[in-house]
Amino acid sequence: MNQDELKKQVAEAALEYVEAGTIIGVGTGSTANMFIDALARIKGKIEGTVASSNASAERLKSHGIPVLDLNSVSELSVYIDGADETTKHLHLIKGGGGALTREKIVAACSRKFVCIADQSKLVDVLGAFPLPIEVIPMARSYVARQLVKLGGAPELRTGFTTDNGNVILDVHNLDILDPVKMETEIGLITGVVTVGLFARRPADVLLLGTPDGVQTLS
């Protein structure tokens, strides 16, 4: 099976976590897109969705799936999204698509976070994938200097602006042995909006696509 087939496999499996009559959170990226396409088949089962990016909102609307403002919703039953890296402890790196802030907000409002990924995303130690950090533009250079002090090599994601009007620093050369500590430490740097580590609030369930079928880690 190729990577797209593995992604489709976990996207389909995630439908089992969609509860009837509820509002669900939907993530961003290639695997999340496959989930959106699968969700279209059962769209009558749910009340609506909250999207973690403008791109996902448009894809949901194109299928006729209602997209709601999170401020009008008290709680989401589940948040379903992909990851750029994951460990067996369900700590994640997210933000390759630049939607990390809204992804983290939607995850925080959800009773359950189901991560869907193909087996290539499973690692022993996070950090081979550059860690995305959303930063207020005027603080970019200051934040970058602080990240260098932490051993990282930050690189501005050129030509990219987040849905929130900010910039992304992708940080290379980090071996993230303690994701919770690093998420907290970087998050305290003035000018940082969000760190692309999902460790303080990790996934609750990981659906991992493999040639032998979907593995469930929790």
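Presented here is a report on the structure given in the accompanying data block. Every chain begins its residue count from 1, and numbering advances along the sequence as written. It should be noted that, the model being predicted, local features are given only for residues of pLDDT at least 70 and side-chain atom pairs only at 80 or more, the latter also being counted only at that level, while totals for whole chains, interfaces and linings use all residues. Water and hydrogen atoms play no part in the side-chain values, which are based on all heavy atoms of the structure.

## Things to note about the environment of Gly165
Under the convention used in this document: Secondary structure follows DSSP: runs of H or I at least 4 residues long count as helices, runs of E at least 2 residues long count as strands, and numbering of each begins at the N terminus. For every residue, the accessible area (1.4 Å probe, protein chains only) is compared with the maximum for its type, and the residue is labelled buried under 20%, exposed over 50%, or partly exposed between those bounds.
By the element assignment, Gly165 lies in the loop between strand 8 (153–156) and strand 9 (167–172). Of the residues examined, Gly165 reaches a relative accessible area of 42% and is grouped as partly exposed. Spatially, the C-alpha atoms of Gly165 and Val135 are 9.5 Å apart, while their sequence positions differ by 30 residues.

## Section: the sheet that holds strand 7 (residues 131–135)
What links the strands of a sheet is backbone hydrogen bonding, and the strands pair in either a parallel or an antiparallel sense. Spelled out, the test is: Two strands form a pair only when DSSP identifies at least two bridges running between them. Axes here mean lines fitted to C-alpha atoms, for a helix over just the part in contact, with angles spanning 0 to 180 degrees between N-to-C directions. Residue contacts follow a heavy-atom distance rule, with two residues in contact if any of their heavy atoms lie within 4.5 Å.
Pairing in this open sheet of four strands is antiparallel, and the strands run 8-9-7-10 from one edge to the other. With one partner strand each, in any of the chains shown, strand 8 and strand 10 (192–195) form the two edges of the open sheet. Across the sheet, the mean angle separating the axes of adjacent strands is 30 degrees when strand polarity is ignored. Both strand 8 and strand 9 contribute to a ladder of four bridges, which runs antiparallel. Paired with Ala153 across the two strands is His172, which belongs to strand 9. In the packing of helix 5 (residues 140–149) onto the sheet, contacts are made with strand 7, strand 8, strand 9 and strand 10, and the angle to strand 9 comes to roughly 15 degrees. This element, helix 6 (residues 179–187), spans strand 7 and strand 10 of the sheet and lies at about 165 degrees to strand 10.

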